[in-house]
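Listed here are the chains, written in short residue letters.
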Amino acid sequence: MPTLPSPRTFLRQLDLATLDLFALVCESGSIARAGARGQLAASAISKRIAELEALAGAPLLLRHARGVRPTPVGELVLGHVQTLLGEVERLRADLGDVAAGVRGQVRLCASASAMEQYLPADIAAFMRRHADIRIDVRQGASRAVAQAVREGEVELGICGPSDGVAGLESRRYRTERLVLVVPRGHPLAGSRAVAYADALGEPQIGLRDSSTVQQALDREARAAQRTPGRRIEVDSLSAMCRMVECGLGLGVMPVGAFKAMGVGRRLAALRLTDAWAARALDLYAVRFDALPAAAQRFVDELAPGP
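These figures come from a predicted structure and were not determined experimentally. (Residues numbered from 1 in each chain as written. Predicted model: local features only at pLDDT ≥ 70, side-chain atom pairs only at ≥ 80, totals over all residues. Heavy atoms only, no water.)

As for the pairing of strand β3 (residues 104–110)
Most of β3 sits inside the fold, with 5 of its 7 residues counted as buried. Both β3 and strand β4 (residues 133–139) contribute to a ladder of 7 bridges, which runs parallel. Of the residues in β4, the one forming a bridge with Leu 108 is Val 137. Two elements, β3 and strand β5 (residues 156–159), share 3 bridges in a ladder whose sense is parallel. The partner of Ala 110 across the bridge, within β5, is Ile 158. (Buried < 20%, exposed > 50% of the residue type's maximum accessible area, 1.4 Å probe, protein only. Helix = DSSP H or I, 4+ residues; strand = E, 2+ residues; numbered from the N terminus. Pairing = 2+ DSSP bridges.)

In structure tokens:
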């Protein structure tokens, strides 16, 4: 069995340009086409691929009448190469930010509730004060937010409390209130406030992967010994509004989100009187005192702490 070189030796034997050419050949399906795209002679590319195959200790390309395709080992190498080249591109972008005066980055994952209500305006205000900090924000369900923070994919998460955030440090970000959204003309539309039990038996429009809200709704149904009406699941709160507007069911969402997207539609929002309808939105981190400087500044301005 061949002895693998040490990690540092292996790193020094790798050549990023060769890896890029290998990916280009796999993408093009032909060394000649890769040469034309990369403005290199096919013979030069073949030599680079041969060197990479020698390092791998196995053929990486299978030649056939119409060109080439990766071997099983080549597929394995290609997956790693694409990851490496992706990281190189991120490095290039980060260095470009530095050249443009950007001095920090905050990676953030937030629930739909935060994204549809408060976070865009808060990020805009922060970036007006700190033009040298870039915000990388993505959206996910509460479980995905907690997982992204725990696994280090992001420094910060914003979502409602759930079992998934156990073990993470938290600070209060905002408090939201859930409302029942019904079409205008619905029998409940004339009420200012209702209990969720009043909506049981009606068709329900749910937000896919919204575990914390759905758990609360399911608990209420069990407590009332009722079965919710058939449920349609959608991927966004705006889609929920559209479904309700078309008479396909009733939905539960934060009042701030309804004000942002439901006003002007043929919809009514009824305050839910249930205790669980008042919910916290919290900011989560593995450890707030270990955050990078840019993320720490973001936290200090959004959620200064107790």
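And the narrative resumes.
Some words on helix α2 (residues 16–28)
In an α-helix, one turn spans 3.6 residues; hence positions three or four apart end up facing the same way. With 13 residues, α2 ought to run about 18 Å at 1.5 Å a step, and its terminal C-alpha atoms sit 18 Å apart, in line with that. Those residues of α2 that sit buried are Thr 18, Leu 19, Leu 21, Phe 22, Ala 23, Leu 24, Val 25, Cys 26 and Ser 28. Just downstream of α2 lies Gly 29, where phi reads positive at about 75°. (Expected span 1.5 Å × (residues − 1).)

Details of the packing of α2 against helix α3 (residues 31–38)
Their axes nearest at 8 Å, the elements α2 and α3 cross at an angle of 120°. Regarding the angle of α2 to α3, the classification is oblique. Between α2 and α3 lies a crossing whose hand is right-handed. Facing α2, whose interface residues are Leu 24, Val 25, Glu 27 and Ser 28, α3 presents Ile 31, Arg 33, Ala 34, Arg 37 and Gly 38. (Axes fitted to C-alpha atoms, helices over the stretch in contact; angles between N-to-C directions. Parallel < 35°, antiparallel > 145°, perpendicular 65-115°, else oblique. Left-handed = near helix turned anticlockwise from the far one by under 90°. Contact = heavy atoms within 4.5 Å.)

Observations regarding the side chain of Glu 176
Assignment of secondary structure puts Glu 176 in strand β6 (residues 169–183). Reaching out from Glu 176, the side chain makes a polar contact with the side chain of Gln 117 at a distance of 2.7 Å. Engagement of the side chain of Glu 176 in a polar contact is seen with the side chain of Arg 279, the distance being 2.6 Å. With sequence-adjacent residues up to four places away left out, Glu 176 is seen in contact with Ser 113, Gln 117, Tyr 118, Pro 254, Ala 277, Ala 278, Arg 279 and Leu 281. (Polar contact = N/O pair within 3.5 Å; in protein donor to acceptor, adjacent residues only side chain to side chain.)

Structural notes on the nonpolar core
Of all hydrophobic cores here, the largest spans 24 residues; its most connected members are Val 106, Leu 119, Leu 156, Ile 158 and Phe 298. Listing elements by their share of this core, those giving two or more residues are β3, α7 (119–129), β4, β5, β12 (278–285) and α12 (293–302). In terms of residues, this core owes the most to one element, α12, which gives 5 residues. In this view, Ile 158 contacts Leu 108, Cys 109, Ala 110, Ser 111, Ala 114, Leu 119, Val 145, Tyr 173, Asp 282 and Leu 283; residues no more than four positions away in its chain are not counted. By size, the runner-up hydrophobic cluster in this structure holds 19 residues, among which are Leu 180, Tyr 196, Leu 200 and Val 213. (Core = buried A, V, L, I, M, F, W, Y, C linked by side-chain atoms within 4.5 Å.)

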